[in-house]
Amino acid sequence: MRTRKMWAIMAVSILAAASLASVVLYVAKEMGDGTMGTDMDPIPISTPEELAMIGVDEGYPLNGAYYLTNDIDLTDTDTNGGMNIHIKATVSGTDLMIELDPSEGAVSSVYMRMERLSISSDTGSVTLTGIPKGTFTFIIGGAVGDEGFAFHAKIDTAADGEKVNTTFNSNGNFTPIGTLSDGFTGTFDGNGHEIKGMNAAVFTAEDAYAGMFGYIGGNAVISNLGVVNGSVTAVTATASKLAHAGGITGQTGASVSGVKMTIENCYNTGSVAAASISSSAYAGGMAGKTGATVLAPLTMTNCHNTGDVTALGASIGYAGGIVGFTSNASLSITGCYNAGDITSGLSTRNTGSANAGGMVGQLSTSSTILGCHNIGRISTYSFMTSVPGGMVGYGIAYVSIKNCYNAGPVTSSTTYTSQGIAGGMIGYSLFVAADIDRCYNTAPVTAPSRAGGMIGFLSTSSLSVTNCFNSGTITGGSLTGGMAGQHLGGSVRIEKCYNTGDLISSGEAGGMVAFSSGITTISQCYNTGNVTAITSTTTISNAGGMIGRGEGPATIKECYNSGTVSSISKAAAAANAGGIAGRMNTSTSTISDCYNTANIISEAASDAATAGGISGDATYSLSTASFINCYSTGSTEASSPSSAITGGIIGKITQNPVSISACYFLEGAVSDDVMWNGVAPKVDNNEDRGDRASGARTGGEMKDAISYHSSWNFSGTWAVSPELNDGHPILRFFSGMSAQMIDDPEDATVDEWEMVKFHANATVSTGMIPQYQWYVSSDGGDTWEKVEGAVNECLFFGPVTRYDDGKMFRASATAPDYERTTAKSLAATLTVLYEAEPEPGDGTGDGDGDGTGDGDGTGDGDGDGTGDGDGDGTGDGDGDGTGDGDGDGDGTGGGDGDGDGTGDGDETKEPEAKAEMPTRRIIIEYMLLVMAMILAFFIIAGRYSKKDGE
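Residues numbered from 1 in each chain as written. Predicted model: local features only at pLDDT ≥ 70, side-chain atom pairs only at ≥ 80, totals over all residues. Heavy atoms only, no water.

Participant: Any chance you could explain the sheet that holds strand E6 (residues 107-114) here in plain terms?
Facilitator: Within a beta sheet, neighbouring strands are joined by backbone hydrogen bonds and run either parallel or antiparallel to one another. In spatial order, the strands read E7-E6-E9-E10; together these four strands make up an open sheet with antiparallel pairing. Two strands bound the open sheet, and with one partner strand each, they are strand E7 (117-121) and strand E10 (147-156). Recorded for the sheet is a direction-independent mean angle of 10° between the axes of neighbouring strands. Here five bridges tie E6 to E7, and the two strands are oriented antiparallel to one another. Residue tyrosine 111 lies in a different strand from E7, and its bridge partner there is serine 120. (Pairing = 2+ DSSP bridges. Helix = DSSP H or I, 4+ residues; strand = E, 2+ residues; numbered from the N terminus. Axes fitted to C-alpha atoms, helices over the stretch in contact; angles between N-to-C directions.)

Participant: Explain the confidence of the model for the chain to me, please; I cannot follow it from the model alone.
Facilitator: Regions with low pLDDT carry predicted coordinates that are not meant to be interpreted in detail. Averaged over all residues, the pLDDT of the chain is 83; the fraction at 70 or higher stands at 80%. Below a pLDDT of 50 lies the segment residues 936-941, which in the model reaches five contacts outside its immediate sequence neighbourhood of four places, other chains included. (pLDDT = per-residue confidence, 0-100. Contact = heavy atoms within 4.5 Å.)

Participant: I tried to follow the nonpolar core on my own but got confused; where do I start?
Facilitator: Most often, soluble globular proteins keep nonpolar side chains buried together rather than apart. Residues Phe184, Phe188 and Met212 are the most contacted members of the largest nonpolar core, which totals 125 residues. Setting aside chain neighbours within four positions, we find phenylalanine 184 in contact with Ile54, Leu62, Gly64, Tyr66, Ile177, Gly178, Phe213, Tyr215, Ile216, Gly217, Ala220 and Ile222. With 49 residues, the next largest nonpolar core counts Ala662, Leu724, Leu731 and Met741 among its residues. (Core = buried A, V, L, I, M, F, W, Y, C linked by side-chain atoms within 4.5 Å. Buried < 20%, exposed > 50% of the residue type's maximum accessible area, 1.4 Å probe, protein only.)

Participant: Whenever I open this one, the sheet that holds strand E8 (residues 125-129) confuses me. Can you help?
Facilitator: Across the sheet, which stays open at both edges, the four strands sit in the order E8-E5-E4-E11 with antiparallel pairing between neighbours. The open sheet has two edge strands, E8 and strand E11 (161-169), and neither has a second partner. With strand direction ignored, the average angle separating the axes of adjacent strands in the sheet is 15°.

Participant: Explain the side chain of asparagine 268 to me, please; I cannot follow it from the model alone.
Facilitator: The topology assignment puts asparagine 268 in strand E20 (residues 261-268). Since its relative accessible area comes to 2%, asparagine 268 is described here as buried. Every residue in contact with asparagine 268, bar those within four places of it in the chain, is listed here: Val227, Gly247, Gly285, Met286, His304, Asn305, Thr306 and Gly307.

Participant: It is not clear to me how the packing of aromatic side chains should be interpreted in this structure. Could you clarify?
Facilitator: Aromatic ring pairs are described here by two measures, namely the spacing of the ring centres and the angle between the planes. Here the structure, examined in full by the defined rule, presents 40 aromatic pairs. Between the aromatic rings of phenylalanine 138 and phenylalanine 151, the centroid separation amounts to 6.5 Å while the plane-to-plane angle is 50°, which identifies the pairing as tilted. You can see phenylalanine 138 sitting in strand E9 (residues 135-144) and its partner phenylalanine 151 sitting in strand E10, a full 13 residues away along the chain. A centroid spacing of 5.8 Å and a plane angle of 65° characterise the contact between tyrosine 708 and phenylalanine 714, whose relative ring orientation is edge-to-face. The same class applies to tyrosine 708 as to phenylalanine 714, namely buried. In this structure, arginine 450 is placed above the aromatic ring of phenylalanine 457, and the distance from its NZ or CZ to the ring centre is 4.0 Å. When the ring centre of tryptophan 784 is taken as reference, the NZ or CZ atom of arginine 810 above it lies at 4.3 Å. (Phe/Tyr/Trp six-rings, centres within 6.5 Å; stacked < 30°, edge-to-face > 60°. Lys NZ or Arg CZ within 6 Å of the ring centre and 35° of its normal.)

Here you go:
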């Protein structure tokens, strides 16, 4: 009997203990006990209030695991207090006037930044004078008493008038999760949902961190999350303090080694802005800055940004479509893209740098960028250094960029013009190596100094550019190149690349490189764009189909030029133009197996003008420069009141030794042979056509392989085809390539007013990359029209309308060979979902049970039902549902138990919110249950004990 009694007591005890443990665990979970860590079950987040509980006292822990159960809309929600401030911005001539009117108190300080300008005041009214004309973002921060505020807006200053007239919350509607001293180190899974209308605004006297997350570290993972239709603003007003703003996080970093951070499958559509009153500003579509005290890798995969990103600093500004700045964090970016405008700017006459990139503003640690693209505008402006890039603005660490493209205009603006640098992939790389493979640029790149289709300026480092092309117009100051603007020291290798865009320079220009003083190798490349160098200073003007000026050892082989090359000097300086090189002032250099078919033009206002079919000027006295197995069929023209020199192969040879072997030019294309001032080049047996002879040939001879020296390899390197290159010899490498489409675009279904993206991918047999063109059909594929400007592997456009529904799209990919062979993709169909216009009339809706609705419509349901009617109606449900009659439209309703539903006019009843029991009530009920069980235990135990005593 005693055993049965004890078993009963033990059972009740276990039940009571289990209940008590469940309460403890539940309270720890609800109240955010930091000891729980990420080992706890993931916590569902479904409301703005729950989201705001992460990282606050008596809330959820910063090392917890979370996931969204639904979209969260913060548009009309304020989770962190703050006051309303009315702002009005007005443009009058060259003045931008800001008026601030807080709902209580008075403005005690305000700071404003725009473009290169800044101003501060201790009142609610401030005027920025001397503003430029265009579209810019202004950022303000300040205080009303002890309460800070931050705000930014984009305005068009082209015309006078009111530009902004709205009310904002002083510190936004959401406090960023995590701080520098206590960052978020858990996991946050958006679960494919979005956070809408988030406004994170931070103004502080310390370092400012703004974003959905202020600071993430440790092994933090942010995934599957969209942050849409919001804004992020970070402003700091103290000397040496920094501002960090990011669509996902202000900064990532770690204080211990061996950890890594991950952001994947995330996107941001809101604007991001950071401003520092006296120091640096960091802004990024995903993260403003990465890295802290130790090296901690960051991986970003399949993320994108479509919001404008602006960094306005006093000393340095960093802005990136994905990351503003990397430090102590090796960065891997894969499958990401940016479609927002990226801008970085500095205060007037500051000697710092403004850097911006479609992916990263500045790279300071070794990084990789793979399969990414940018279609947004990238622009920088400063007094001193201004460096934008389609992928990376400024790099001081090794970077590998592969399978990427830029289709957004890249523009550098600076007062100190020699430091204005821009590149289609990288703006400026300093002291480090860079590898660029299978990348291309299709957008204009503009800089007042150095500009390149791939990289603007490479200093004391090595560069490898392979299988790349540029088709955008490149406009630079003194140095403009289809691949690179300027290369100083180190080595540069450009292989299997081509340029089809026009190149315009105010000094030196080259189809591949404008200027190189390092070891240069250019092989199996071509240029078809027009190359133009025009200078108005005493600087020599040099232009070449491959290289404008070479000052170091150079090897150029198996290359050709068919774009017009022009070198024009309007001041007291020489002008040199050549089909392959403008000026070869190099040692131990060789140009072999190359040709030119375009016109070469050189003009000088007072100094010498030289033009050559292969090189305009060959000047070096220490070692031999060799020209082997080359030819030119283009005309060479030079004009100058001082000295005008042309040559079929070389226009001007200043000093020997220069060796010309088996090189030919079209008879009558030049006015002079290959000599100048009586100094003849070293030519082996010039009169003996059977032994490495060089010189003029007739038109027929230029097309006949027999006329060329035996050193010409017509079975391997060269070929002659009557149908190609007007019958002149061609390089076999560029003949017979085949393009193949390996990824066709897929059908797309989107809602009206959304963006849509199609993608195609093609390969070329030689490894080079093709050029793309998209076409659209509105008649089911019977006829196709070219989509102007759609020349990238991705077609991204919108917002779409119902009139786009049913349109078909396909891409073509053209190989970079003589035949320009093309592969075409299959067609993809666009489906646009939109609501049809409602038609007046009666309607009925059925549910699971019986019910009636009064009015002109009827609704049945014991569950959820819908009903249409022409007037007002009511419906009663006996079970779980209601039915509504609904004017001229549709109505829905749902309820539990016996419920009523009404529908008036054209209104639609909103479904009831999910019933949720308050946390405190749950805890109290659990505690009461446990207390009851404990009391029952003692009663039972007492009774058994009493009976045992009896």
